[in-house]
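# Structural overview for review
Here is what each chain is made of, one letter per residue.
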Amino acid sequence: MGLFERAPAKINLSLDVLGKREDGFHEVEMIMTSVDLADHVELQELHRDVIEVSADSRYVPDDERNLAYKAAAAFKHHYQLTRGVRIDIKKNIPVAAGLGGGSSDAAAVLRGLNEMWSVGASQAELAELGTGLGSDVPFCIYGTTAIGTGHGEKIRLLPSPPGCYVVLAKPDIGISTRHIFPRVNMDELEHPRTEEVIQSLREKNFQRLCASAGNALERVTFSMHPEVSRIKEKMLANGVPGAVMSGSGPTVAGFVRQYSKAKRVYNGLRGFCDEVFIVRLLDQR
Ligand code: ATP
């Protein structure tokens with residue numbers, strides 16, 4: 001029997017680009033929260049000093065390019081461990097969808113190895129270790145609700161969002177963040193109202209959250225892939241009070257209070273999109 005870790009998807013309640021650094025990296029400011037759509041990561045100790053990885057998706061590599069493999073290698077190297085692990089990933093989170101699936105798998109491996117090998121690292125230490133793996137990994141170590149700055153690695157926890165259902169809708173395309181950032185024009189950027197979003201969390205104010213959720217990358221992604229903007233329009237036309245693209249897309253998240261409404265929106269989007277899910281927010285403190 002192995003050790004199981006759930007690796008939940010994240011959505012953005014806001015995503016802002018604050019500027020471009022001299023090293024070419026963009027400074028971002030993004031509010032993220034986890035949802036109950038999750039990959040399942042199983043870890044099994046091996047009696048040889050190797051890392052083996054497999055994932056049940058043709059879009060995910062079964063070798064050292066897998067973020068879960070990279071996480072295990074970084075963990076072993078950092079704590080100087082000569083032990084082996086087999087990682088089996090059941091993918092439920094769509095790949096290259098803006099939902100942080102690879103980062104969440106990597107974070108699950110860091111948490112799981114910490115437990116399996118009784119290393120006793122704190123969340124902050126694991127988040128620090130995850131920084132080099134991917135910009136969403138530190139957030140995924142905590143997995144609650146947080147604002148990430150820098151290139152996403154500086155994490156500050158925030159109050160949980162008001163309870164709601166989230167309809168996730170994705171067209172039949174994958175988008176890599178790497179292809180979106182170079183097309184960001186800082187002069188044309190529409191900044192989201194990050195402070196308003198934070199205030200809506202403090203007040204647990206659903207309407208305010210819906211009115212302020214926003215993503216500065218929508219403009220770039222919508223111009224390259226108009227089908228993403230059509231999904232958002234369709235959600236709003238179906239009466240969703242707030243919808244925002246997650247990450248660099250293409251998934252759009254729509255917020256609704258009642259399940260019956262979520263179901264109607266879901267039915268309206270099926271056939272129009274490649275994949276649609278109704279999920280709940282994980283952070284319900
Ligand atoms: P990004 O913003 O980095 O593009 P994303 O959240 O939109 O990320 P992911 O599902 O994490 O998308 O996949 C991004 C890329 O990472 C894909 O091209 C995929 O092949 C690669 N990848 C490596 N390991 C994994 C993994 N464990 N799960 C998913 N994708 C992985």
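Residues numbered from 1 in each chain as written. Predicted model: local features only at pLDDT ≥ 70, side-chain atom pairs only at ≥ 80, totals over all residues.

Turning next to the UniProt feature "active site" (unreviewed entry) in the protein. Using the residue numbers shown here, the UniProt feature "active site" (unreviewed entry) corresponds to Lys-10 and Asp-136. Spanning 127 residues, the named residues form one tight spatial group whose C-alpha atoms are at most 8.9 Å apart. Here Lys-10 is to be found in strand S1 (residues 3-20). Sequence-distant contacts of Lys-10, defined by excluding residues within four places in its chain, comprise Met-32, Thr-33, Ser-34, Leu-99, Gly-100, Ser-104, Asp-136, Phe-139 and Cys-140. By the secondary structure assignment, Asp-136 is in the loop between helix H3 (123-131) and helix H4 (137-142). Judged by the 29 C-beta atoms lying within 10 Å of it, Asp-136 falls in the buried class. (UniProt positions renumbered as here; feature names shortened; annotations may be inferred. Helix = DSSP H or I, 4+ residues; strand = E, 2+ residues; numbered from the N terminus. Contact = placed C-beta atoms within 7 Å. Buried ≥ 20, exposed ≤ 12 C-beta atoms within 10 Å, placed from the backbone.)

When a strand is regular, its side chains alternate between the sheet's two faces. Summarising the sheet, strand S2 (residues 26-46) and strand S5 (residues 145-150) pair through 6 bridges and their orientation is antiparallel. Bridging from a neighbouring strand, Val-28 pairs with Gly-150 of S5. Alignment of S5 against strand S6 (residues 154-157), held across 4 bridges, turns out to be antiparallel. When the sheet's bridge partners are listed, Thr-149 is paired in S6 with Lys-154. (Pairing = 2+ DSSP bridges.)

This part takes up the site of the ligand. Around the ligand sit 22 residues, and of these Leu-67, Gly-101, Gly-102, Asp-105 and Thr-177 come closest. Going through the elements one at a time, helix H1 (67-78) and helix H2 (101-116) are the ones with two or more residues in the shell around the ligand. In terms of residues, the shell around the ligand owes the most to one element, H2, which gives 4 residues. Considering only residue class, the shell around the ligand consists of 11 nonpolar, 10 polar and 1 charged. (Near = placed C-beta within 6 Å. Nonpolar A, V, L, I, M, F, W, Y, C, P; charged D, E, K, R; others polar.)

Next up on the list: the UniProt feature "domain: GHMP kinase C-terminal" (unreviewed entry) in the protein. Per the UniProt record, "domain: GHMP kinase C-terminal" (unreviewed entry) is found at residues 199-273. Strand forms 15% of residues 199-273 and helix 56%; the C-alpha atoms that close the span are 32 Å apart.

The 4 strands are arranged S9-S10-S7-S11 in an open sheet whose pairing can be described as antiparallel. Sheet topology places strand S9 (242-245) and strand S11 (275-280) at the edges, where each strand pairs with a single neighbour. Strand after strand, the sheet turns through a mean of 20° between neighbouring axes, direction not considered. Where S9 lies against strand S10 (residues 252-256), 4 bridges are found, and the strand directions are antiparallel. (Axes fitted to C-alpha atoms, helices over the stretch in contact; angles between N-to-C directions.)

Between Gly-249 and the following residue, Pro-250, the backbone shows a cis peptide bond with an omega angle of 5°. Along the polypeptide, Pro-250 turns up in the loop between S9 and S10. Positioned with a positive phi, Ala-96 is a non-glycine residue whose angle comes to about 55°. Look at Ser-118: it is not a glycine, yet its phi comes out positive at around 45°.

Moving on: the environment of Glu-195. Relative to the helices and strands, Glu-195 is located in helix H6 (residues 194-203). With 10 C-beta atoms packed within 10 Å, Glu-195 lands in the exposed category. Note: C-alpha distance between Glu-195 and Gly-132 (63 residues apart in sequence) is 28 Å.

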